[in-house]
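The primary structure of each chain is shown beneath.
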Number of protein chains: 2
Amino acid sequence: MAQLDFWYEFASTYSYLAAMRCQSVAEASGARLRWRPFLLGPIFVAQGWNTSPFNLYPAKGRYMLRDLERICGQRGLTFRPPEPFPQNSLLAARVALAVPEDRRPEFSRAVYLAEFGEGRNIADESLLGELLLRLGLPAAEIFEKAKSDAVRAMLREETATAQRLGLFGAPSFVAGDGEIFWGDDRLEQAVAWAKGER
Amino acid sequence: MAQLDFWYEFASTYSYLAAMRCQSVAEASGARLRWRPFLLGPIFVAQGWNTSPFNLYPAKGRYMLRDLERICGQRGLTFRPPEPFPQNSLLAARVALAVPEDRRPEFSRAVYLAEFGEGRNIADESLLGELLLRLGLPAAEIFEKAKSDAVRAMLREETATAQRLGLFGAPSFVAGDGEIFWGDDRLEQAVAWAKGER
């Protein structure tokens, strides 16, 4: 079965767009998607940025907000960016890794909807707990795992892998042969590539 | 008639993609396109960059080359990036402004094909002269106009206008109401917007 890795960062607005549709697009094409949360922060720091490029370059930031507003409007998604932007996504990424893999897509979509659909603070542990419970997941157990040395190490390792693969932004899709597709705009192309279409 | 401004930079790879198709996409939808060459250099300098972001951020640069290769392949376009990258696009932009407006799209496509399809140096006056003559345009007269104070001032003015509009990259499409669409990926959305579709 064709496989594609979906690399996403919870603080990323374009990852929100991709997360809300990539599972169904991949499934409709018969491709299997692996959801791989990672942190862009260390990758940005390595290239000399101390915050999101949308803050460093205000014209680009203003455009991004408008672009998201238009695309969310077309897709029937609400868009209410949180304050501050970007959110601290460390805890959400650890929790996503602690959630059983088959429930990770659902949990991740719930985080994105709370963050960018409702403008809520995803660094808030009680919000994440609420989302876990709503999905019928054992919140206490998952938080314990999320804060373990094993999951902390796993997130560092995933982030290092992303950097080694050559990722520089999110969302990114990576096929089994290492082919990279950056951005929600490239989802269809990535799925076709994973299926061997050239 | 719906009108859309196409802002392009001759040194920009994604402007090549857009330039090769935007006229036919716009015409098929009944929108009128104004071709407006400008320089990204001053805009980049204002945000602290001294070269293309594809050089400043090598992972992004490598990805861009691969992305262009794939998309050109799908569209039946050759892709052979010139050395050095980015090219000095000052003379090409001045010449494009000196060419009669109704021939500007043709001339601009010829420049892009030479630059990114054949890897030729567009800072070379003899190449630009060759392209003008091939299109049956009066090269000597156009060069004289291109180097005049009026055209130099016009290019500075266009670049300042681009910056004032909030442009930060190329290609960009700007509708009559100031709505901005950045990138070849947004062409269809820009045309729809210009036609009043929401």
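Participant: Could you give an account of the sheet that holds strand 2 (residues 31-37) of chain B, with specific residues and numbers?
Facilitator: Residues and elements named next belong to chain B. Spatial ordering of the open sheet is given by 2-1-3-4, a layout of four strands whose pairing is mixed. Of all the strands in the sheet, just strand 2 and strand 4 (180-182) have a single pairing partner and so form its edges. In this sheet, neighbouring strand axes are inclined to one another by 25° on average, regardless of whether the strands run parallel or antiparallel.

Participant: Any details on the pattern of salt bridges? Residues and values, ideally.
Facilitator: Enumeration according to the criterion identifies 40 salt bridges over all chains in this entry. Among the ionic pairs, Arg 186 of chain B bridges to Asp 67 of chain A, the shortest N-O distance being 2.9 Å. Here Asp 67 of chain A lies in helix 5 (residues 58-75) and Arg 186 of chain B lies in the loop between strand 4 and helix 11 (187-194), a pairing that spans two chains. A single burial state applies to Arg 186 of chain B and to Asp 67 of chain A, both of which are buried. Note that Glu 125 of chain B is salt-bridged to Lys 147 of chain B, the shortest N-O span being 3.0 Å. Highlighted residues: Glu 125 of chain B in helix 8 (residues 125-134) and Lys 147 of chain B in the loop between helix 9 (139-146) and helix 10 (149-165), separated in sequence by 22 residues. Taking relative accessible area as the criterion, Glu 125 of chain B reaches 34% and is therefore assigned partly exposed. Residue Lys 147 of chain B is classed as partly exposed on the basis of its relative accessible area of 36%.

Participant: Which residues make up the environment of Asp 185 of chain A, and what values go with them?
Facilitator: Relative to the assigned elements, Asp 185 of chain A resides in the loop between strand 4 (180-182) and helix 11 (187-194). Looking at Asp 185 of chain A, the relative accessible area reads 36%, which means it is partly exposed. The sequence separation of Asp 185 of chain A and Tyr 14 of chain A amounts to 171 residues, and the corresponding C-alpha distance is 9.2 Å. Apart from residues lying up to four places away in sequence, Asp 185 of chain A is in contact with Asp 185 and Arg 186 of chain B. Within polar-contact distance, the side chain of Asp 185 of chain A engages the side chain of Arg 186 of chain B at 3.0 Å.

Participant: Please provide a residue-by-residue account of the interface of chain B and chain A, values included.
Facilitator: Counting from both sides, the interface comprises 22 residues of chain B and, opposite them, 22 residues of chain A. Across the contact surface, chain B and chain A share eight salt bridges. Between Glu 179 of chain A and Arg 66 of chain B there is a salt bridge, with the nearest N and O atoms lying 2.7 Å from each other. Breaking the side of chain B that touches chain A down by element, the ones donating at least two residues are helix 5 (58-75), strand 4 and helix 11 of chain B.

Participant: Residues and numbers for the side chain of Arg 94 of chain B, please.
Facilitator: Residue and element names in this part refer to chain B. Along the chain, Arg 94 turns up in helix 6 (residues 90-98). Although Arg 94 is buried, it forms no salt bridge, and the closest oppositely charged side chain is Asp 149 at an N-O distance of 8.4 Å. Those residues within four positions of Arg 94 in sequence are excluded, and the remaining contacts are Ala 146, Val 151, Arg 152 and Leu 155.

Participant: Tell me about the packing of helix 8 (residues 125-134) of chain A against helix 9 (residues 139-146) of chain A, and name the residues and values.
Facilitator: Residues and elements named next belong to chain A. The contact between helix 8 and helix 9 brings their axes to 9 Å, and the two run at 130°. Judged on the interaxial angle alone, helix 9 and helix 8 are oblique. Note on packing geometry: the crossing formed by helix 8 with helix 9 is right-handed. Of the residues in helix 9, those touching helix 8 at Glu 125, Leu 128, Gly 129, Leu 132 and Leu 133 are Ala 139, Ile 142 and Phe 143. Looking at the contact of helix 8 with helix 9, its residues break down into six nonpolar, one polar and one charged.

So, how was this worked out
- Residues numbered from 1 in each chain as written.
- Chains lettered and ligands numbered in written order.
- Predicted model: local features only at pLDDT ≥ 70, side-chain atom pairs only at ≥ 80, totals over all residues.
- Heavy atoms only, no water.
- Pairing = 2+ DSSP bridges.
- Helix = DSSP H or I, 4+ residues; strand = E, 2+ residues; numbered from the N terminus.
- Axes fitted to C-alpha atoms, helices over the stretch in contact; angles between N-to-C directions.
- Salt bridge = Lys/Arg side-chain N within 4 Å of Asp/Glu carboxyl O.
- Buried < 20%, exposed > 50% of the residue type's maximum accessible area, 1.4 Å probe, protein only.
- Contact = heavy atoms within 4.5 Å.
- Polar contact = N/O pair within 3.5 Å; in protein donor to acceptor, adjacent residues only side chain to side chain.
- Lys, Arg positive; Asp, Glu negative; His and termini not counted.
- Parallel < 35°, antiparallel > 145°, perpendicular 65-115°, else oblique.
- Left-handed = near helix turned anticlockwise from the far one by under 90°.
- Nonpolar A, V, L, I, M, F, W, Y, C, P; charged D, E, K, R; others polar.

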